[in-house]
Amino acid sequence: MTKTRRISGFLGLPFVFWAAAFIIIPLLMVVWYGLTDENGALTFANIAAIAQPAHAKALLLALLLSLLATAVCFLLAYPLCMFLVEAQKTSNSFLTMLLIVPMWMNFLLRTYAWQSILEKTGIINTFLTAIGLQPLRLINTNGAIVLGMVYNFLPFMVLPIYNVLEDIDKNVINAARDLGANGRQTFLKVIFPLSLPGVISGITMVFIPALTTFVVSSLLGGGKILLIGNVIEQEFMVAYDWNLGSGLSLVLLLFIIINVVVSVISERGEEELRRRKSDAEA
Amino acid sequence: MALIFLFMYAPIALLIVQSFNKSKSRGRWGGFTFEWYGSLFSDESIIEAFTNTITLALLSSLIAVVLGTAACIFLTKLKKRTRSILMGVANVPMLNADIVTGISFMLLFITLRIEFGYSTILLAHITFNIPYVILNVMPSYRDLNPHIYEAALDLGASPAYAFFKTVLPEILPAILSGGLMAFTMSIDDFIITHFTAGAGVQTLSTKIYSEVKLGIKPEMYALSSMIFLAVLILLILVNRVQGSSRKAQEEEV
């Protein structure tokens, strides 16, 4: 058996090396750059820079729009999943068709296509003027960015919610009905609480990419609306101020860590539940 | 629900229509044409970006499959505590925001004075692909009966031979789905590539992003429509085959 152990240690070597070299060290570099100035002296100025009006505004706007987008994703995804689970005949292939297949069209192109739909002479406004209405200003607005976020990240909300809803034991729902709960009570007291792990996982999976995006805002915001992602991207790719860019990223990292902690706690809870359930079955 | 379908597919339909549009400006319909599907193949920069995208996805998912599968074998042998720490580290690229992963690679390559190019993108793609492989392979590997492998060893098989004969066939489906997931992630990635590509090398994503301001070339619409339709047809075929084999199985039973 010692031989097997030695072999498995040998197999693990490249992975451990890889994780150290390309996951841990790069992240430490972000911390290092974020906490030093261009001469390498320790400073908190790069992190404190988040309080500058332009940066604070970009962060707050990003928070606001990503929370909105997460809420919209939830409001669209939950009823959709309820419907899909109840209809039952709609199998996984339908879900793949709806959510995964579109991913095979490059996401930059898909987001860019919304420009043609939303712009001044785009499809929606052409239609509006044709029926005698005033054209709307749709592109380069906060609303367009939220739409782009929802469009891109909706699958991350649908899949986990669908999985938990599908896993709910139909007998539990029937039992609630038999015990006299009406539809609303069954939903609020049984279905929704049981689906909570999926909901939380969906929320955490949508919120972070939405909060940190710079692509959606630069494609649908016309370069005028800056989110925190745009600010960081510009510091790195245009201004070459890596220290400031890293400092601002550390602020984002804080949100990411909170997010991960929330999802880990919720997963623990789910595992606990599952363990108790299998204990009870045994 | 039909509305959500429309919402997901309207931009795609528009892009496909655009690929047949004679007019180069995207607002106007200038008549139907196959022109872009022809000129696509003589546009070297698009072909090169396409080749880069595909080879990066193939290489990175292949290497990630090897590293990730080896990591699964290694991880299951560890004590629970060490294992969960290492798993946590391996999952970092999946949980982290792409922009942070991207800049962390950028800073690493700057500090080590590694020249940005194909190899830096490849390193980054392998790294963010590994967790998808582990995610798929780990449950399947853990469910294996270890006695079969041990029996093979007792019967005189070398560890490598025993692995390829008893373990690998069992976990192969999981490896394939992990590899496919990694391949898709790599093809679809823009953000991490953006920060690790440098000036010389382009993938389809970075090329599209750099063209956005000037207007995207219609050849790009043509290529993307072709990729999309190819994958769609492939999926439908796979579905058919799976469906009929399942039916055949059911009939046998």
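Residues numbered from 1 in each chain as written. Chains lettered and ligands numbered in written order. Predicted model: local features only at pLDDT ≥ 70, side-chain atom pairs only at ≥ 80, totals over all residues. Heavy atoms only, no water.

S.K.: Just checking my understanding: could you explain the overall build of chain A for this structure?
M.R.: Counting its regular elements, chain A contains 12 helices and zero strands. Taking 2.2 N^0.38 as the reference for a compact globule, 282 residues should give roughly 19 Å; the C-alpha atoms of chain A span a radius of gyration of 24 Å, well beyond that estimate. Viewed in the frame of its principal axes, chain A has a C-alpha envelope of about 80 × 70 × 35 Å. Expressed as a percentage of its 282 residues, the buried residues of chain A come to 48%. Between the averaged position of the 18 positive side-chain charges in chain A and that of its 17 negative side-chain charges there is a distance of 4 Å. (Helix = DSSP H or I, 4+ residues; strand = E, 2+ residues; numbered from the N terminus. Rg over C-alpha atoms; globule rule 2.2 N^0.38 Å. Buried < 20%, exposed > 50% of the residue type's maximum accessible area, 1.4 Å probe, protein only. Lys, Arg positive; Asp, Glu negative; His and termini not counted. Charge placed at Lys NZ, Arg CZ, Asp CG, Glu CD.)

S.K.: Can you walk me through the packing of aromatic side chains in this structure?
M.R.: Each aromatic ring pair is described using two quantities: the centre-to-centre distance and the angle formed by the ring planes. Under the definition given, this model contains 24 aromatic pairs over all chains. When the ring of Trp18(A) is compared with that of Phe22(A), the centres are 4.7 Å apart and the planes differ by 55 degrees; the resulting orientation is tilted. Placement of both Trp18(A) and Phe22(A) in helix H1 (residues 2-34) is noted, with a separation of four residues, approximately one turn of the helix. Residue classification places Phe22(A) among the buried residues on the basis of a relative accessible area of 13%. Ring geometry for Tyr78(A) and Phe187(A): centres 5.8 Å apart, planes at 85 degrees, overall edge-to-face. Here Tyr78(A), found in helix H3 (residues 53-87), pairs with Phe187(A), found in helix H9 (residues 183-212); they are 109 residues apart in sequence, far enough to count as distant. Counting every residue linked through ring pairs, the aromatic cluster contains Phe214(A), Phe236(A), Phe190(B), Phe195(B) and Tyr209(B). (Phe/Tyr/Trp six-rings, centres within 6.5 Å; stacked < 30°, edge-to-face > 60°.)

S.K.: Sorry if this is basic, but what is going on with the environment of Leu99(A) here?
M.R.: By the element assignment, Leu99(A) lies in helix H4 (residues 92-100). A relative accessible area of 0% places Leu99(A) in the buried class. In this structure, the C-alpha to C-alpha distance between Leu99(A) and Leu154(A), residues 55 residues apart in sequence, is 8.1 Å. Leu99(A) has contacts with Pro155(A), Val158(A), Leu159(A) and Met8(B), leaving out every residue within four places of it along the chain. (Contact = heavy atoms within 4.5 Å.)

S.K.: I keep staring at the domain arrangement of chain B and nothing clicks. Help me out?
M.R.: Residues and elements named next belong to chain B. Domain boundaries assigned for chain B yield domain 1 (45-215) and domain 2 (218-246). The distance between the C-alpha centroids of domain 1 and domain 2 comes to 24 Å. Each side of the interface is counted separately: domain 1 has six residues, and domain 2 has four residues. Between domain 1 and domain 2 lies a buried interface of about 430 Å² when both sides are counted; carbon and sulfur atoms form 93% of it. If you look at where domain 1 meets domain 2, you find zero salt bridges. Applying the counting rule to domain 1 against domain 2 returns zero residue pairs in polar contact (both at pLDDT 80 or more). (Domains from an automatic or database assignment. Buried area = accessible area lost by both parts, 1.4 Å probe. Salt bridge = Lys/Arg side-chain N within 4 Å of Asp/Glu carboxyl O. Polar contact = N/O pair within 3.5 Å; in protein donor to acceptor, adjacent residues only side chain to side chain.)

S.K.: What is the right way to look at unusual backbone geometry in this model?
M.R.: If a residue is not glycine, its phi is most likely negative; likewise, a peptide bond is most likely trans. Residue and element names in this part refer to chain A. Positive phi outside glycine occurs at Asn-140, with the angle close to 60 degrees. Considering the arrangement of structural elements, one finds Asn-140 in the loop between helix H6 (123-130) and helix H7 (142-167). Asn-140 gets classed as partly exposed once you look at its relative accessible area, which sits at 22%. With a phi angle near 55 degrees, Tyr-240 is a residue other than glycine that sits in the positive phi range. Inspection of the secondary structure puts Tyr-240 in the loop between helix H11 (228-237) and helix H12 (242-281). For Tyr-240, a relative accessible area of 54% corresponds to the exposed category.

S.K.: Would you explain the pattern of salt bridges in this entry?
M.R.: Residue and element names in this part refer to chain B. All chains considered together, the criterion is met by two salt bridges over all chains. Here Lys-217 makes a salt bridge to Asp-43, at a shortest N to O gap of 3.3 Å. With a gap of 174 residues between them, Lys-217 in the loop between helix H10 (204-211) and helix H11 (218-252) and Asp-43 in the loop between helix H2 (35-39) and helix H3 (44-76) connect regions that are remote in the sequence. The class for Lys-217 is partly exposed, based on a relative accessible area of 32%. Overall, the relative accessible area of 13% leaves Asp-43 in the buried class. A salt bridge links Lys-207 to Glu-211; the shortest N-O distance between them is 3.3 Å. Residue Lys-207 and its partner Glu-211 are located together in helix H10, separated by four residues, close to a single helical turn.

S.K.: Hey, could you run me through the nonpolar core in this one?
M.R.: For soluble globular proteins, the rule of thumb is that nonpolar side chains tend to be buried together. Core analysis: the largest hydrophobic core is formed by 158 residues, its most contacted members being Phe15(A), Met149(A), Leu165(A), Met8(B), Ile99(B), Ile134(B) and Phe228(B). Element by element, the count of residues in this core is highest for H3(A), at 15 residues. Residue assignment places this core across two domains, with domain 1 (45-215) and domain 2 (218-246) of chain B each supplying three or more. Residues within four places of Phe228(B) in sequence aside, it is in contact with Val101(A), Pro102(A), Trp104(A), Met105(A), Tyr9(B), Ile12(B) and Ile16(B). (Core = buried A, V, L, I, M, F, W, Y, C linked by side-chain atoms within 4.5 Å.)

S.K.: Quick question: what am I supposed to make of the interface of chain A and chain B here?
M.R.: When the parts come together, some accessible area is lost, and that loss is often what is quoted as the size of the interface. Taken together, the 73 residues of chain A in the interface contact 71 residues of chain B. Here chain A and chain B share an interface that buries about 6,800 Å² over both sides, 82% of which is from carbon and sulfur atoms. Broken down residue by residue, the surface that chain A buries against chain B is led by Phe15(A), Trp18(A) and Trp104(A), which jointly contribute 13%. One can count zero salt bridges joining chain A with chain B.

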